[in-house]
Each structure stands twice: as structure tokens, then as C-alpha cells.
Amino acid sequence: MSLPLVTAPFTGTTPAAPFLRFSTLWIQITGTWCNLECRHCINSSGPREPWLRPLRAEVALSAIREAEELGVKEIYFTGGEPFLHGDILTLLAAALEAAPTTVLTNGTRIDAAMADELAALAASAPYSLSIRVSLDDTDPERNDRVRGENAFAQAVEAIRLLHDRGLLPIVTATEITSAEHADGRSTYERFRDFLLARGIEKPRVKIMPVFTLGRLARPGDPVLCEEDLAGFDRRTLQCAESRVVADGGVYACPILAGLPGARLSDGGLEASFRAAALYHPSCVTCFRTGMTCANG
Ligand code: SF4
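Residues numbered from 1 in each chain as written. Predicted model: local features only at pLDDT ≥ 70, side-chain atom pairs only at ≥ 80, totals over all residues. Heavy atoms only, no water.

Moving on, we come to the site of the ligand. Every residue near the ligand is listed here: Gln238, Cys239, Cys253, Ile255, Leu256, Leu278, Ser282, Cys283 and Cys286. Among the residues forming the shell around the ligand, the class breakdown is 7 nonpolar, 2 polar and no charged. (Near = heavy atom within 4 Å. Nonpolar A, V, L, I, M, F, W, Y, C, P; charged D, E, K, R; others polar.)

Put into C-alpha cells, the structure is as follows:
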């Protein structure tokens, strides 16, 4: 099994981010198993044999229970495509007993029946449920060039189904085709206007930068050194407050889930509460853009 990702040399001089507090649990529930194969996918997910295996339900449940005891503030499910996991609704119900919960999805598995299930879960849960649906362009042809044939239509339909049930979906867009637009509007403005035009009265849009890893990995990309970080508050990086449970253990952040250099414990969350190595070229993107994978 090979990891289709750039892993830079990890040396004794690699800078680190301190662990500040535990706010966010990510669950890489389907590993890199997905029904799409997007051009910019940060972990090269796809329908073929996943290099990072899906999590067993009992591992995810155990992480949710431990996270609740440790005072988690938010829980996220990601993959791969989380709705391919046979236990996703059971796991969502458990997570919603512990904290506000979000699922990151490509939307292709959300039909009317699934949207009904999600609305029922949200209505009965003590915490809020958010569904983030990925779209990379408001133009179907441009979107499907990145995400695959018919991905646009299915995602837009999922957004409609969720909205009709009061679930206020968050559209997540990666700035991969932004340079192709010359209308002067930002990516955010384009998506906001797109959703408003489809009757989504309270549009929610999350913009993500392009990361040069996974299918966009560029061998030889620079990594951070101590000098780069002089005067920078490393506690602002998401790895200072988040941990990811994925196959093989607990990792520093959702971007690097499954990579040996980001692995901080072999299973227990609390054991992972220590400094995270900023060893990967993606850490440069976090440092430069201040991005977080969370909703905010
Ligand atoms: S990719 Fe970003 S969040 Fe992950 S370890 Fe590097 S700096 Fe931290």
C-alpha cells in the first residue's frame, strides 16, 4: 500500500505546534473510500481500494465517548464520502448526544429518504446537525471537470432536499476554478448569489484554499522552518485544538489524517494531546492562509 501524498523529511529541527486545548474531534469515517474521484482531493480518495481504510463503528463510538468526557466542542465526520458508511446514521446520533456535529459530503448519497432521516435526527438531537455539501463551481461544466460527471446536479439536488427540510446546508467550495472567472466577484460572492437565486434565503458558504497534496501533490514543495514562524502565534493553527481519529490511530489534523508523520497516538485521544510536527508542505498553506477545516 503506498501513500499518494507528499511526505517531507521529518527531522529534529522540524517546528511544532503546541497543543492548546481540545475543541474539535474529526472522524475520518470512510478513510479514503469515495464514489467520486475529485481532481484536487487532499487525500486522493476514490472508489478503488482505499489507502486509508474506513473506521469500524465501534472505534468511532469509542472516540465519541472519550471526546465527550474530554469536553469536545464540535464533532466532524469526513472521508472519503461519509454517507457510504453503513453505520453513519447511528454514529451521527451518538455524536449529536455529545456535541454539535457536522458531516462533510459530496451530496451524491443524499436522496429524499436520507434527507428525511437527517431532518429527524436533527429535530430530536440535543445539539445541532450541519451538513456541508461540496461544490467547486457554480457552473456545472466547470464543477464536473473537477468533481466528475453529474456531481454538480446531484450536489445541488442534495442542497435543495436539505434546505426544504430546514437543515441550512453549508456549501463548501475549494478555490480551484476561481481564476477562470473574470466577473470581479469573489468565490464567496458567486456562491452566495447562486444559492440566493435558488431560493436558499440564508446562504452558508465555506471557502477552502487549494492544498498541494493528494492528487495535487508537488514533490519538492517547501516546508516550514523555525525562522518562517518567528513572531507567529502557532496556537492559531487548527492542530493546536483539533484531533482526528482515522484508521491506525489519532492524527494532528484532518488534512494529514493517515500520514505517519502526523500520527500522535495509536488510538486514545488523550494520549494525542501533545505538540504536532509542522513537517508537511500543507502546514505552509495553513500558516499563510490561516485556514481551518472547521465550519467557522
Ligand atoms: S496541515 Fe495545518 S493543521 Fe495540519 S499539522 Fe500542518 S499546520 Fe497543523
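This is not the end of the story, as more comes after the structure.
Here helix α2 (residues 88-96) crosses helix α3 (residues 112-124) at 20°, and the two axes come no closer than 11 Å. In this view, α2 runs roughly parallel relative to α3, as classed from their interaxial angle. Considering the relative orientation of α2 and α3, their crossing is right-handed. Only Met114, Glu117, Leu118 and Leu121 of α3 make contact with α2, whose side of the interface consists of Leu89, Leu92, Ala93 and Leu96. (Axes fitted to C-alpha atoms, helices over the stretch in contact; angles between N-to-C directions. Helix = DSSP H or I, 4+ residues; strand = E, 2+ residues; numbered from the N terminus. Parallel < 35°, antiparallel > 145°, perpendicular 65-115°, else oblique. Left-handed = near helix turned anticlockwise from the far one by under 90°. Contact = heavy atoms within 4.5 Å.)

Summarising the element assignment, Ala95 is placed in helix α2. Other than its neighbours up to four places away in sequence, Ala95 contacts Ile64, Ile75, Phe77 and Thr101.

Each aromatic ring pair is summarised here by two numbers: the centre-to-centre distance and the angle between the ring planes. Under the counting rule described, the total for this entry stands at 5 aromatic pairs. Arranged with centres 4.4 Å apart and planes meeting at 10°, the rings of Phe19 and Phe273 form a pair that is stacked. Here the residue Phe19 occupies a position in the loop between β1 (16-17) and β2 (24-28), and Phe273 occupies one in the loop between β10 (263-265) and β11 (276-277), the gap between them amounting to 254 residues. Relative to Phe273, the ring of Phe22 lies with its centre 5.1 Å away and its plane at 35°, an arrangement referred to as tilted. Of the two residues, Phe22 is situated in the loop between β1 and β2 and Phe273 in the loop between β10 and β11; the sequence distance between them amounts to 251 residues. According to the relative accessible area criterion, Phe22 is buried, its value standing at 6%. Phe273 sits in the partly exposed class, given a relative accessible area of 23%. (Phe/Tyr/Trp six-rings, centres within 6.5 Å; stacked < 30°, edge-to-face > 60°. Buried < 20%, exposed > 50% of the residue type's maximum accessible area, 1.4 Å probe, protein only.)

Note that all results are geometric; they support no functional claim without further evidence.
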